[in-house]
Amino acid sequence: MKNQTVDTSMQSTVARAVRMKWKRTVKAWLLLAPALFFLFVFTLYPVAQSLYSSLFRDNLSTIKPVFIGLDNYKALLKDPVFRECFRNNLLIAVVTIPLCMGLAVILATISNRLTRGVSLVRLGFIYPTFIPLVAAANIWMFIYTPIYGLLGYINPSWRFLADGKTAIWALIVMLIWKNTGYIMLFYIAGLHGIDKELYEAARIDGATETQMFTKITWPMLQATNIYVLIIVLTNAYKMVDHLYIMTKGGPGNATNMLLFYIYQTGFDYWDTGKASAITVILVLMMLIITSVNFFTSDRKAFYND
Amino acid sequence: MRKKSVANYIVNVLLFALMFICMIPVIWMIRTAFIRQDLALDLFAVSMPTLDNFRRVLDAAPFFKYYGNTLFITVGVLLVQFVLITMAGYVFARIDFYGSNFLFVLFLSQMMIAPEVLILPNYTLMSRLGLTDTRIGIMLPFFTSAMGTLIVRQTIKTIPYELEEAARADGANLLQILVMVYVPLLRSAYLTFGMISVSYQWNNFLWPLVMTDSVANRPLSLGLAMFAMSYETGAQWSDVSAATLLVCAPLLIAFILFQRQFVESFMHSGIK
């Protein structure tokens, strides 16, 4: 390329570059083919399939699916259970996301400064990541069960899971316990990427700890935040396994969530049309929320190195 | 200076106190798993640690079968993922090609649409393919991992391109370059993603719940839930604790043993 002779016309250089790029394109697509195949079959096609099924009445009372347009969606808007699930999802997202992220970044920062016991502290906070959510649900049942549970020793009449007002908060506490350590891992990695000299310089200039956190640490963690936000956002909608053990979405539907409602509608009541409509709504919500986050934040984390 | 060290001290005490609170559930579980069954409900009871609870659990439910299934699913998914994320991560890191941005966004969409959300259409698909209640059916939706692809891509971008050029000058083909040049340098990326993927599969519940209806293909998480559901009262807490510990122990022990490597690999992989 460097030794192009003078008589090589501009055009043939461009044509050559295009040809080379097409060659690379074929190679790239071939390498991506297997991953693309599974992505297409198990993510993209199912989304399309849900969109299609959501336009039909397809439940135990219909022999053959009947096209009903948007009726499933219209029915959902009036469905009190759906609305309650929607509210619960929103509440869980609004409460757990800032708390998990805030706690995680603070714990990561503080534990990084420890002179001893760093591994112990990390172990103590991160271990819930490695406990399956259903297992965590079992353990937390021992804590919440009235009278015999761990909290029962403090006050035997506490019935957090049986009370529609407190049940969701009891679950939120567990979710924060479960998620914070995982997020902390990302922040530990993010903190590691920050140049130590920045802190040295700030210290010489007489900056306080708080200033160093708000002026150096937090801005430097922006790339980490994109990852973390996607993880906490999707977690807020997909973590429902504990419901199966702890409340089944009850009392009433006080702790029910959209994904669990999909499970109940699709696999307990076999209302495929309605469950598909909820699936579509949930997919749309996740796409909108995560892409707003993605496109409004600094995309360098994804596009550059 | 003095005031600062006092503040520091208070912060550290708070940190350890919070850590202790965070560890109560696991301490409680371990204690209940090893205590004599008749003492399980008494917070202050002490007894010689006993393995009776574990013995009863293993007699009552086929946990070894569940272990085998989870291991099969976890390892199988991981092996396929490693191959696919290496190829895809390499492409997105190194090759300038037509459609790269479009395909990249397509991949990212998988990160945003969690596979759990698609249980219904994926179940319909699996039943059409005749793959319900099979382990391969449980595994298939996880073969492509956007997160793994992203981690490999970010890591490859930190590797000097000269290494690849040198190998190419020596006549290495693409497969050789990937295996000889990149794979060894991706170790921390693999370890990071490996732990994420393994704990994901170990955690996975809703999908196997709808997919399986026999003991033969049921993974640990589901087996545990079935076991726990058969005990509604507090009387068998020691058994449920023992079963829960059986399910959690492998990952917890792995994490305790390899914590340093794991956290370090997390730092050195592309996640920053």
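All figures in this text were calculated on a predicted structure; none of them were measured in a lab.

**A short note on the overall build of chain A**
Moving on, step 1. Regarding its fold elements, chain A presents 13 helices and two strands.
Moving on, step 2. Taken over the C-alpha trace, chain A has a radius of gyration of 26 Å; the compact-globule value for 305 residues is 19 Å, which it surpasses by more than 25%.
Moving on, step 3. Based on the C-alpha atoms only, the size of chain A along its principal axes is roughly 90 × 70 × 30 Å.
Moving on, step 4. The buried share of chain A, taken over its 305 residues, is 42%.
Moving on, step 5. For chain A, restricting intrachain contacts to residue pairs at least 6 apart in sequence, the fraction spanning at least 24 positions comes to 69%.

**Regarding the overall build of chain B**
Moving on, step 1. Helix and strand counts for chain B stand at 13 helices and zero strands.
Moving on, step 2. Starting at the N terminus and walking to the C terminus, you meet the elements of chain B as α-α-α-α-α-α-α-α-α-α-α-α-α.
Moving on, step 3. A compact globule built from 272 residues should have a C-alpha radius of gyration of about 19 Å, whereas chain B, at 23 Å, is more than 25% larger.
Moving on, step 4. Along the three orthogonal principal directions, the C-alpha set of chain B runs to about 70 × 70 × 30 Å.
Moving on, step 5. Taken over 272 residues, chain B has a buried fraction of 46%.
Moving on, step 6. Look at the contacts in chain B between residues 6 or more apart in sequence, and 76% of them connect residues 24 or more apart.

**Details of the nonpolar core**
All names here are of chain A.
Moving on, step 1. Counting 156 residues, the largest nonpolar core has Ile183, Met184, Leu258, Leu259 and Ile278 as the members making the most contacts within it.
Moving on, step 2. Top element by residues in this core is helix α6 (residues 167–192). It accounts for 15 residues.
Moving on, step 3. Aside from chain neighbours lying at most four places away, what touches isoleucine 278 is Leu76, Phe82, Leu258, Tyr261, Ile262 and Thr265.

**A few points about the domain arrangement of chain A**
Moving on, step 1. On domain assignment, one finds that chain A holds domain 1 (1–38) and domain 2 (74–303).
Moving on, step 2. Inter-centroid distance (C-alpha atoms) of domain 1 of chain A to domain 2 of chain A is 45 Å.

**What to know about the domain arrangement of chain B**
Residue and element names in this part refer to chain B.
Moving on, step 1. As assigned here, chain B comprises domain 1 (2–50) and domain 2 (53–268).
Moving on, step 2. Placing the centre of domain 1 and that of domain 2 at their C-alpha centroids yields a distance of 31 Å.
Moving on, step 3. Contact with domain 1, which involves nine residues of that partner, is made by eight residues of domain 2.

**Digging into helix α5 (residues 119–129) of chain B**
Owing to its 3.6 residues per turn, the α-helix brings residues three or four apart onto one side.
Moving on, step 1. Ile119(B), Leu120(B), Pro121(B), Asn122(B), Tyr123(B), Leu125(B) and Met126(B) are the residues of α5(B) that are buried.
Moving on, step 2. Gly130(B), located one to two residues past α5(B), shows a positive phi value of around 70°.

**Considering the interface of chain B and chain A**
Moving on, step 1. With 74 residues of chain B in contact, the opposing surface of chain A contributes 75 residues.
Moving on, step 2. Here the side of chain B that touches chain A gets 14 residues from one element, more than from any other, and that element is helix α13 (residues 237–268) of chain B.
Moving on, step 3. Here the side of chain B that touches chain A is composed, by residue class, of 54 nonpolar, 15 polar and five charged.

**A few points about the packing of helix α3 (residues 63–94) of chain B against helix α7 (residues 146–157) of chain B**
Residue and element names in this part refer to chain B.
Moving on, step 1. Their axes nearest at 7 Å, the elements α3 and α7 cross at an angle of 50°. One way to sum up the angle between α3 and α7 is to call them oblique. Once α3 is placed against α7, the crossing between them reads as right-handed. Residue-level contacts link Gln81, Ile85, Thr86, Ala88, Gly89, Tyr90, Phe92, Ala93 and Arg94 of α3 to Gly148, Thr149, Val152, Arg153, Ile156 and Lys157 of α7.
Moving on, step 2. Here the residues of the contact of α3 with α7 sort into seven nonpolar, five polar and three charged.

**Digging into α6(A)**
Residue and element names in this part refer to chain A.
Moving on, step 1. Compared with the 38 Å implied by 1.5 Å per residue over 26 residues, the 38 Å span of α6 between its first and last C-alpha is a close match.
Moving on, step 2. The axis of α6 is deflected most strongly, by about 30°, at asparagine 179.
Moving on, step 3. Here α6 lies mainly inside the structure; 20 of its 26 residues are buried.

**Quick look at the environment of Thr247(A)**
Residue and element names in this part refer to chain A.
Moving on, step 1. By secondary structure assignment, the location of threonine 247 is in the loop between α10 (241–246) and α11 (258–268).
Moving on, step 2. For the pair threonine 247 and alanine 137, spaced 110 residues apart in sequence, the C-alpha separation works out to 9.9 Å.
Moving on, step 3. When sequence neighbours within four positions are dropped, the list of residues in contact with threonine 247 reads Leu161, Ala167 and Thr255.

**Some points on the confidence of the model for chain A**
Moving on, step 1. Looking at chain A, pLDDT values average 87 and 94% of them are 70 or higher.
Moving on, step 2. Ranking the elements of chain A by mean pLDDT puts helix α13 (residues 300–303) of chain A last, at 52, and α11(A) first, at 93.

**Some words on unusual backbone geometry**
Moving on, step 1. With a phi angle near 55°, Lys248(A) is a residue other than glycine that sits in the positive phi range.
Moving on, step 2. Along the chain, Lys248(A) turns up in the loop between α10 and α11.
Moving on, step 3. Looking at Lys248(A), the number of C-beta atoms within 10 Å reads 13, which means it is partly exposed.
Moving on, step 4. Of note in the backbone geometry, Asp133(B) takes a positive phi value of approximately 60° without being a glycine.
Moving on, step 5. By the element assignment, Asp133(B) lies in the loop between α5 and α6 (135–139).

**Some points on the packing of helix α5 (residues 133–144) of chain A against helix α12 (residues 220–229) of chain B**
Moving on, step 1. The N-to-C vectors of α5(A) and α12(B) enclose an angle of 30°; their axes lie 9 Å apart at closest approach. What the angle tells us is that α5(A) and α12(B) run roughly parallel. Pair α5(A) / α12(B) crosses with left-handed handedness. On α12(B), the residues that touch Val134(A), Ala135(A) and Asn138(A) of α5(A) are Ser221(B), Leu224(B), Ala225(B) and Ala228(B).

**Focus: the confidence of the model for chain B**
Moving on, step 1. Residues of chain B with pLDDT of at least 70 account for 96%, and the chain-wide mean is 88.
Moving on, step 2. Scored as a whole, the predicted complex attains pTM 0.88, and scored at its interfaces, ipTM 0.88.

Rules behind the numbers
- Counting starts from 1 at the beginning of each chain's written sequence and moves along it residue by residue.
- Chain labels run from A onward and ligand labels from 1 onward, assigned in the order the entries are written.
- In keeping with the model being predicted, local features are shown solely for residues with a pLDDT of at least 70 and side-chain atom pairs are shown and tallied solely at 80 or more, while totals for entire chains, interfaces and linings include all residues.
- Secondary structure is summarised from DSSP: a helix means a run of H or I of at least four residues, a strand means a run of E of at least two, and numbering begins at the N terminus for each.
- For this measure, only C-alpha atoms enter the radius of gyration; the expected value for a globule follows 2.2 Å times N^0.38, where N is the number of residues.
- The exposure scheme places C-beta atoms from the backbone and then counts, for each residue, the other C-beta atoms within 10 Å of its own, assigning buried at 20 or more, exposed at 12 or fewer, and partly exposed in between.
- This entry defines residue contacts through backbone-placed C-beta atoms, with two residues in contact when those atoms are within 7 Å.
- Here, a nonpolar core denotes buried Ala, Val, Leu, Ile, Met, Phe, Trp, Tyr and Cys residues that are linked to one another through C-beta atoms within 7 Å.
- Throughout, the edges of the domains are those of an automatic or database domain assignment.
- Side-chain classes are defined by residue name, with Ala, Val, Leu, Ile, Met, Phe, Trp, Tyr, Cys and Pro counting as nonpolar, Asp, Glu, Lys and Arg as charged, and the others, Gly among them, as polar.
- For every element, the axis is a line fit to its C-alpha atoms; helices are fit only across the contacting stretch, and the angle between N-to-C directions ranges from 0 to 180 degrees.
- Roughly parallel means an angle under 35 degrees; roughly antiparallel means over 145; roughly perpendicular covers 65 to 115; every other angle is labelled oblique.
- The sense of a crossing depends on the near helix, which, turned anticlockwise from the far helix by less than a right angle, makes the crossing left-handed and, turned clockwise, makes it right-handed.
- Here, expected helix span is obtained from the residue count minus one, scaled by 1.5 Å.
- The term bend refers to the angle at a residue between two fitted axes, each drawn through seven residues, those ending there and those starting there.
- Each residue carries a pLDDT value, the predictor's own confidence for that position, ranging from 0 to 100.

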